[in-house]
Amino acid sequence: MLGSVKSFLKNFPVLGQGLLQLRRAQFRSSVDYWDQRYRQGGDSGAGSYNRLAEFKANFLNTFVEQHNVSSVIEHGSGDGAQLKLARYPNYTGVDISPKAVEICRTLFAGDPTKRFFEANLLPAGTVADLALSLDVIYHVVEDQAFDAYMQKLFASASRFVIVYSSDMERDWPYKHIHHRKFTDWVSRNQTQWSLLSKTPNVYPYDPANPDETSFADFYVFAASS
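Reading the values: the criteria
Residues numbered from 1 in each chain as written. Predicted model: local features only at pLDDT ≥ 70, side-chain atom pairs only at ≥ 80, totals over all residues. Heavy atoms only, no water. Helix = DSSP H or I, 4+ residues; strand = E, 2+ residues; numbered from the N terminus. Buried < 20%, exposed > 50% of the residue type's maximum accessible area, 1.4 Å probe, protein only. Areas by Shrake-Rupley, 256 points an atom, 1.4 Å probe, with all protein chains shown as cover. Pairing = 2+ DSSP bridges. Right-handed = clockwise from strand over helix to strand, strands pointing away. Salt bridge = Lys/Arg side-chain N within 4 Å of Asp/Glu carboxyl O. Phe/Tyr/Trp six-rings, centres within 6.5 Å; stacked < 30°, edge-to-face > 60°. Lys NZ or Arg CZ within 6 Å of the ring centre and 35° of its normal. Core = buried A, V, L, I, M, F, W, Y, C linked by side-chain atoms within 4.5 Å. Contact = heavy atoms within 4.5 Å. Polar contact = N/O pair within 3.5 Å; in protein donor to acceptor, adjacent residues only side chain to side chain.

1. Section: the overall build of the protein chain
Here is step 1 of the chain: A count of helical and extended segments in the protein chain gives 7 helices and 7 strands.
Here is step 2 of the chain: Looking at the protein chain as a whole, 52% of its 225 residues are labelled buried.
Here is step 3 of the chain: When the accessible surface of the protein chain is totalled, it reaches about 10,400 Å², and 50% of it is carbon and sulfur.

2. Things to note about the pairing of strand β5 (residues 157-165)
Here is step 1 of the chain: Summarising burial for β5: 7 of the 9 residues are buried, a large majority.
Here is step 2 of the chain: Sheet topology note: the strand β4 (residues 128-134)/β5 ladder contains 6 bridges and is parallel. Across the sheet, residue Leu134 finds its bridge partner in β5, namely Tyr164.
Here is step 3 of the chain: Handedness of the crossover joining β4 and β5 through helix α6 (residues 143-155): right-handed.
Here is step 4 of the chain: Summarising the sheet, β5 and strand β7 (residues 217-223) pair through 6 bridges and their orientation is antiparallel. For Val161, the partnering residue across the bridge sits in β7 and is Phe221.

3. With respect to the pattern of salt bridges
Here is step 1 of the chain: Scanning the model with the defined rule gives 8 salt bridges in all.
Here is step 2 of the chain: Here Glu212 makes a salt bridge to Arg51, at a shortest N to O gap of 3.5 Å. Taken together, the positions of Glu212 in the loop between β6 (193-199) and β7 and Arg51 in helix α4 (residues 50-66) put the pair 161 residues apart, joining distant regions of the chain.
Here is step 3 of the chain: The class for Glu212 is partly exposed, based on a relative accessible area of 22%.
Here is step 4 of the chain: Notably, a salt bridge pairs Glu102 with Lys99, separated by 3.2 Å at the nearest N-O pair. Taken together, the positions of Glu102 and Lys99, both in helix α5 (residues 98-107) and 3 residues apart, correspond to about one turn of that helix.

4. Concerning the packing of aromatic side chains
Here is step 1 of the chain: All chains considered together, the criterion is met by 17 aromatic pairs.
Here is step 2 of the chain: Note on Phe154 and Trp185: the rings are 6.5 Å apart at their centroids and 35° apart in plane angle, and the pair reads as tilted. Separated by 31 residues along the polypeptide, Phe154 in helix α6 and Trp185 in helix α7 (residues 182-189) bring together distant segments of the chain. Grouping residues by exposure puts Phe154 and Trp185 together as buried.
Here is step 3 of the chain: Aromatic pair Tyr164 and Phe218: ring centres 4.7 Å apart, planes at 50°, arrangement tilted. Of this pair, Tyr164 sits in strand β5 while Phe218 sits in strand β7, placing them 54 residues apart in sequence.
Here is step 4 of the chain: Classification of Phe218 as buried rests on a relative accessible area of 0%.
Here is step 5 of the chain: By way of ring pairs, the aromatic residues Phe146, Phe154, Phe182, Trp185, Trp193, Tyr219 and Phe221 are connected into one cluster.
Here is step 6 of the chain: One Lys or Arg, Arg180, reaches over the ring of Phe146 and ends 4.3 Å from the middle of that ring.

5. A closer look at the nonpolar core
Here is step 1 of the chain: Membership of the largest hydrophobic core comes to 26 residues, with the highest contact counts inside it found for Leu60, Val72, Tyr88, Leu130, Leu132, Ile162 and Phe218.
Here is step 2 of the chain: Among the secondary structure elements, those contributing two or more residues to this core are α4, α5, β4, β5 and β7.
Here is step 3 of the chain: For this core, the leading source of residues is α4, giving 6 residues.
Here is step 4 of the chain: Among all residues touching Leu132, those that are not within four sequence positions of it are Leu60, Val72, Ile73, Glu74, His75, Tyr88, Tyr149, Leu153 and Ile162.
Here is step 5 of the chain: Within the second largest apolar cluster, 21 residues are counted, among which are Ala131, Tyr149, Trp185 and Tyr219.

6. With respect to the environment of Ser71
Here is step 1 of the chain: If you trace the backbone, Ser71 turns up in the loop between α4 and β1 (72-75).
Here is step 2 of the chain: Residue classification places Ser71 among the buried positions, given a relative accessible area of 14%.
Here is step 3 of the chain: Not counting residues up to four positions away in its chain, the partners in contact with Ser71 are Asn90, Ala128, Asp129 and Leu130.
Here is step 4 of the chain: Within polar-contact distance, the side chain of Ser71 engages the backbone nitrogen of Asp129 at 2.9 Å.

Quick look at the structure:
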């Protein structure tokens, strides 16, 4: 998903009136917004490309290697651009957009270590060593959807959860973005998990350079032993 706010208006490829109409359309829901975005040729945004993608990949690949992670599940796998840089032994991608799932299944059709599901079709009880949420939480704008998403995220991990997101209460000018102090939710609702570390973004958000910076940092949670 998007790595910054202003990039929402700047990072679309030139694909004609379809995306312009989507950009101007009334926001109805997170699910509708992202599925329509992918269906009309949009991508997962600036956060999944270039130096921000490399920063995320370096952090995650190092973590997976150092902690002997054998399986990864990502809630919000998007168009697979970020995944191209990943080195995961076994991967399950989950997304609310059927179109995004279709794109990823085509992109990684020859890779037996990867599988993809629509969020409402993920087999019950699917669990991995590590669950990921990358540039997703601040795009789940509905309170009920946010709560359900977070419950599923932590329920799908056996050892670690890594969240790459903002962690603040702040109004933002676009309806598809809702910043939250998500660590407070974790403290209240996932008492069996503890915050292991926070790693600040090496490219902190700069409104003068929104496509190459981000307000997201890495938060690593570990299951209590």
